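# Results of the structural survey
Below are the chains, spelled out letter by letter.
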Amino acid sequence: MNLPWEALGLRRFLVLDDGERICYEGGEPRPQADCGDCPRVSYGGGDAGTIDLELLARVLLPTLSDHSLDGLRARFSLPEGNGERIAGLLAALVMEGLTISPQLLSVLGGLLPGATGELLARLAPLADEAEPAVPQQRERVAPPRVSATEALSRDGAVGKGLAAFEDRPGQLEMARLVEETFSSGGKLVVEAGPGTGKTFAYLVPALIHLRDHPGARVVVSTRTKQLQEQVYGKDIPFLTERIAPGVKSALLKGRENYLCLRQWERVFPEVTEGLDRDLLIPLAYLAGWLFRTETGDIEENHAFLGDPKWRELWPRLSDSPHRCPGPICPLYDDCFSAAARRRAREADLVVVNHSLLFADLKADRGILGDYDYLIVDEAHALEGTARDAFTSSLAPSTLDRFLWEIHHLRGRREGGWIARLPMPSDDPRLVSLRETLGGLRTANLRLFSRLGEELPSGLRGFLPPLDPFLPQVERIINLLSRLKGEVEGVGEALEEGTPEVGREAERLSGAIDGISALYETLFSPPQDGYVHWYERRKAGEVTLYASPLEVNALLAESLYPRVKGIVLTSATLSSGEGFSYLERALGLDSSPEDVRYAVVESPFSYRERMRVYLPRFLPPVDGDGDAYAVMLSELIERLTPLQRKVLVLFTSYRLLHAVHSRVQGTVLAQGIDGPRGKLIEQFKGIEGGAVLLGTDSFWEGVDLPGKDLEILVITRLPFPVPTDPVFTALGVRLAAMGRDPFHELSLPQAILKLRQGVGRLIRTQSDRGAVIITDRRILEKGYGKRFRMALPVGYEEPPTLERLVDDLEKWFSHGD
């Protein structure tokens, strides 16, 4: 394809690539040509006069998951040579731009700086927006009506659709149990280890039931949005086509995940015409995506989420209940959030995450509507998510952000609800509103500044009696009451001519009630069954919490009775001695006759594929911390010559930092070298050996199959943090009941987490690796037997570091 280089001002351009400077003319290299004054093109870096292809790619292809030069080269099948790959990428991005609407290109050109923006502006009059491809309708052939186990057999609908199908007895057993639950109701708790194929084991019976029972509804809940999207975007389409083509499915997330078109119309001019010039590039990432997205789900937009400014901009643009006027909004028909909720209400099968599941429970099913069956994947996290969902929190920003929505100044420009009112700015009612807002900001700042000074200095702890602060709290509550009256008064005065203003005033009034209730709750003595605590965050900012100690009664009374059947599944639900901890924590012991428990077989041959080492030669973890860190660092360094990838799991940043400062070589560390997702991608991209140091979030949800992880080091048995206020209060509560907090709470939680950590190693049938647990308590303490029983295989006790490394070297050599 001949590209309009001349019209783009690129008849000649200079490619800057890895130190080389190569002149191009008409898109072809001209090494001898004089390019002294030519436009410059590079990937990343450069000044405003250089066309930045990384920035251009992120704007034109915001949903692409990998905007690295290697990722773009693979996306466009570009040549590898220096110069050629940059020139090829420029041509590919120009062709991409020619398929986009001229209007969008003009907008993007105005948002991007320098030569990159000028290129898009020149591209706009040349573009010819591509017509969306019309998917070809294939004639559907109704699949045979089979049972779940038949569908999952080698000759079944699923088996025939997978090139690498494997018989999995555990999957078949789980599918049979889930099918029985759909047939007879009740509760099924099923532990299905890695490789079982548990997602298909619950989705296939669910789809068959929906196919055979029109009008029935099933909700699938996952802990993470990542698994939620995999289940909805990959697994359900594959299975629906083969088993139940008529079943309608939907994905639903919390409202804050969707862009609000009304807010976009408000914020766009605030940024482009105001003082927020540093937000223009993330705004461009949004604009490039907004014109083309069908869902408005920000998780699609990898370019935006990869920008450090996204956290500042997104709260101003996302959907929010208190600023949504509902159906009277002029953009309601195109509202992404409303459309997602509507699709979910109309769907037979809805995929949500645990947080949204409990938000719906709090709203008395006002979000999802009635459903018959619930499947909870990653159910080991259900207790914690339920507690978080019913925890109240209050930070200085809680009130400040809300007041910002009502009124704020950016330079001399007013923003917020007040700025949109059809009233003169000097109207006495608005003057009074601004005074009230100012009084609230000042009172809130003084209250939390004093809290920061007078609360104990620890990072977190129990809230002491807050009686000395009550006069300040009473002033804030009174000001909130005054604010509510003023907002309602303005809304009522304008409602007849501008109903949208009146509706928004109602929403703001309701939000004021909610914030006022937070101050009343958190500055009063805790209710029975709750603990009040505080946490110091960045720059010493204090956040207050009111958390329920136990959620078992909540689940037993409010969730379970409202469904005919429920399936709770995860790779780790038992803690060495059955499901007793889970029974109590999730309220399953309230009707034990209604619950079935099962552990289904994993297809992995752990005896052949995994080694576990429990060395005694390290110092005790609860002794001299420096001595332990030194020996642990030496062990990790002795592993590096093996040229294997090593994941080291910590329970504290202190030990992680101590080890990181001592270990040489290719080492990546959480909190030092980048966030979790970025570190994992970097780790995967390294050829040969490397070490990744991670804390709490790396113990689960990390998938590093094959050569990406061959040695796992666990530095400490993962007991809950003893200073955590919720954990401590739970222990006190159990002790007051005459029960043993260590054996009923601390130990089972630690065993479950250890199993999660060990589960990072073997992810596929062909994986092979070793686990090294360096905490001697697993061998020397009486409770260590419980941990050892939870390991997938037996263990070795190497007497010295040399013996450990030698055995590892021989074992890996034999496997290679």
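Residues numbered from 1 in each chain as written. Predicted model: local features only at pLDDT ≥ 70, side-chain atom pairs only at ≥ 80, totals over all residues. Heavy atoms only, no water.

## Concerning the overall build of the protein chain
Looking only at helices and strands, one finds 33 helices and 24 strands in the protein chain. Here the C-alpha atoms of the protein chain give a radius of gyration of 29 Å, agreeing with the 28 Å that 2.2 N^0.38 yields for 816 residues. Principal-axis analysis of the C-alpha atoms places the extent of the protein chain at approximately 75 × 75 × 65 Å. The buried share among the 816 residues of the protein chain stands at 52%. Total accessible area computed for the protein chain in this model is approximately 36,400 Å², and 49% of it derives from carbon and sulfur atoms. Placing the 95 positive and 116 negative side-chain charges of the protein chain at their respective mean positions leaves the two points 2 Å apart. (Helix = DSSP H or I, 4+ residues; strand = E, 2+ residues; numbered from the N terminus. Rg over C-alpha atoms; globule rule 2.2 N^0.38 Å. Buried < 20%, exposed > 50% of the residue type's maximum accessible area, 1.4 Å probe, protein only. Areas by Shrake-Rupley, 256 points an atom, 1.4 Å probe, with all protein chains shown as cover. Lys, Arg positive; Asp, Glu negative; His and termini not counted. Charge placed at Lys NZ, Arg CZ, Asp CG, Glu CD.)

## Thoughts on the packing of aromatic side chains
The full count for this structure, using the stated rule, is 18 aromatic pairs. Centre to centre, the rings of Phe 182 and Tyr 373 are 4.7 Å apart; their planes meet at 50 degrees, and the pair counts as tilted. You can see Phe 182 sitting in helix H8 (residues 169–184) and its partner Tyr 373 sitting in strand E10 (residues 373–376), a full 191 residues away along the chain. The exposure classification of Phe 182 matches that of Tyr 373, with both residues buried. Judged by centre distance (5.5 Å) and plane angle (85 degrees), the rings of Phe 719 and Tyr 783 are edge-to-face. Of this pair, Phe 719 sits in the loop between strand E23 (711–714) and helix H29 (725–736) while Tyr 783 is found in the loop between helix H31 (777–780) and helix H32 (784–789), placing the two residues 64 residues apart along the sequence. For the pair Phe 719 and Tyr 783, one class covers both residues: buried. By the ring-pair criterion, three or more aromatic residues cluster together here, those being Phe 719, Phe 742, Tyr 783 and Phe 787. The lysine or arginine in question, Arg 75, covers the ring of Phe 76, its NZ or CZ lying 4.9 Å from the ring centre. (Phe/Tyr/Trp six-rings, centres within 6.5 Å; stacked < 30°, edge-to-face > 60°. Lys NZ or Arg CZ within 6 Å of the ring centre and 35° of its normal.)

## Remarks on the sheet that holds strand E1 (residues 12–17)
If you walk across this open sheet you meet the 5 strands as E3-E2-E1-E4-E5, and the pairing is mixed. Of all the strands in the sheet, just strand E3 (28–29) and strand E5 (50–52) have a single pairing partner and so form its edges. Sitting on the sheet, helix H1 (residues 53–60) touches strand E4 (40–42) and E5, and the angle it makes with E5 is about 40 degrees. Packing of helix H3 (residues 84–97) onto the sheet brings it into contact with E1, strand E2 (20–25) and E4, and relative to E1 it is tilted by some 125 degrees. (Pairing = 2+ DSSP bridges. Contact = heavy atoms within 4.5 Å. Axes fitted to C-alpha atoms, helices over the stretch in contact; angles between N-to-C directions.)

## Quick look at the side chain of Asp 775
Position of Asp 775 relative to the elements: it lies in the loop between strand E24 (769–773) and H31. A distance of 2.9 Å separates a polar side-chain atom of Asp 775 from the backbone nitrogen of Leu 717. Residue contacts for Asp 775: discarding those within four places in its chain leaves Val 621, Tyr 628, Ile 714, Thr 715, Arg 716 and Leu 717. (Polar contact = N/O pair within 3.5 Å; in protein donor to acceptor, adjacent residues only side chain to side chain.)

## As for empty space enclosed by the protein
On inspection of all chains with the given rule, the structure shows 3 cavities of 30 Å³ or more. In this structure, the largest cavity encloses a volume near 120 Å³. What lines the largest cavity is a set of 14 residues, among which Cys 260, Leu 261, Arg 262, Cys 329 and Cys 335 lie closest to the centre. Residue composition of the lining of the largest cavity, grouped by class: 10 nonpolar, 1 polar and 3 charged. (1 Å grid on protein atoms, 1.4 Å probe; cavity = no way out; pocket = protein on both sides within 12 Å on 5 of 7 lines; lining within 4 Å. Points joined across faces, edges and corners; volume = space filled by probe spheres on them. Nonpolar A, V, L, I, M, F, W, Y, C, P; charged D, E, K, R; others polar.)

## Overview of a negative patch on the surface
On the surface, Glu 488, Glu 492, Glu 495 and Glu 506 cluster together into a patch of negative charge. Of note, Glu 506 is situated in helix H22 (residues 499–522). (Patch = residues over 30% accessible without salt bridge, like charges linked within 9 Å, V, L, I, M, F, W, Y side chains within 5 Å. Salt bridge = Lys/Arg side-chain N within 4 Å of Asp/Glu carboxyl O.)

## Things to note about the environment of Ala 395
Here Ala 395 shows up in the loop between strand E11 (392–394) and helix H18 (396–406). Accessibility expressed as a relative area gives 7% for Ala 395, which makes it buried. Remark: the alpha-carbon pair of Ala 395 and Arg 536, spanning 141 residues in sequence, is separated by 10.0 Å. In this structure, Ala 395 is in contact with Phe 448, Glu 541, Val 542 and Thr 543, ignoring residues within four places of it in sequence.

## Observations regarding the sheet that holds strand E8 (residues 249–251)
As summarised here, the arrangement of the 7 strands in space is E8-E9-E7-E10-E17-E6-E18, forming an open sheet in which the pairing is parallel. Only two strands of the sheet have a single partner each, and these edge strands are E8 and strand E18 (595–600). On average, each strand axis in the sheet is tilted by 15 degrees relative to the strand beside it, whichever way the strands run. Bridge count between strand E7 (residues 218–222) and E10: 4 bridges; the pairing is parallel. For Val 218, the partnering residue across the bridge sits in E10 and is Tyr 373.

## Quick word on the nonpolar core
Membership of the largest hydrophobic core comes to 102 residues, with the highest contact counts inside it found for Leu 286 and Leu 568. Each residue touching Leu 568, except ones within four places of it in the same chain, is listed here: Leu 188, Val 189, Val 190, Val 376, Ala 379, Leu 382, Tyr 560, Leu 573, Leu 586 and Leu 588. Formed by 44 residues, the second largest nonpolar core is a distinct cluster that contains Phe 402, Leu 440, Phe 448 and Leu 463. (Core = buried A, V, L, I, M, F, W, Y, C linked by side-chain atoms within 4.5 Å.)

## Some words on the pairing of strand E17 (residues 565–570)
E17 sits mainly inside the fold: 6 of its 6 residues count as buried. By the alternation rule, side chains of E17 split into Gly 565, Val 567 and Thr 569 and Ile 566, Leu 568 and Ser 570, which are all buried. Pairing of strand E6 (residues 186–192) with E17 involves 6 bridges; the strand directions are parallel. Bridging across to E17, Val 189 finds its partner in Leu 568. Sheet analysis places E10 next to E17, joined by 4 bridges and oriented parallel. Among the inter-strand pairings, Tyr 373 is bridged to a residue of E17, identified as Gly 565.

## Let's talk about helix H12 (residues 280–290)
Within H12, 10 of the 11 residues are buried, leaving the element largely enclosed by the surrounding structure. Of all the positions in H12, only Leu 280, Pro 282, Leu 283, Ala 284, Tyr 285, Leu 286, Ala 287, Gly 288, Trp 289 and Leu 290 are classed as buried. Taken together, the buried residues of H12 touch H1, helix H4 (102–111), helix H11 (261–273), helix H13 (302–305), helix H14 (310–317) and helix H15 (336–346).

## Concerning H11
For H11, with 13 residues, the first-to-last C-alpha span of 18 Å sits near the 18 Å given by 1.5 Å per residue. What H11 keeps buried is the set Leu 261, Arg 262, Gln 263, Trp 264, Arg 266, Val 267, Glu 270 and Val 271. (Expected span 1.5 Å × (residues − 1).)

## Focus on unusual backbone geometry
One non-glycine residue, Ser 77, adopts positive backbone phi at about 55 degrees. Inspection of the secondary structure assignment puts Ser 77 in the loop between helix H2 (69–76) and H3. Judged by relative accessible area, which is 66%, Ser 77 ranks as exposed. Residue Gln 643 is not a glycine yet carries a positive backbone phi of 55 degrees. Here Gln 643 shows up in the loop between helix H26 (625–639) and strand E20 (645–649).

## Points about the packing of H29 against helix H30 (residues 741–758)
H30 packs onto H29 with a crossing angle of 150 degrees between their chain directions and a minimal axis gap of 9 Å. Where H29 approaches H30, its residues Phe 727, Leu 730, Gly 731, Leu 734 and Ala 735 are matched on the opposing element by Pro 741, Glu 744, Leu 745, Ser 746 and Gln 749. For the contact of H29 with H30, the per-class residue count stands at 6 nonpolar, 3 polar and 1 charged.

## Regarding the side chain of Glu 383
Tracing the backbone shows Glu 383 in helix H17 (residues 382–389). Since its relative accessible area comes to 13%, Glu 383 is described here as buried. With sequence-adjacent residues up to four places away left out, Glu 383 is seen in contact with Val 551, Tyr 581, Ala 585 and Leu 586.

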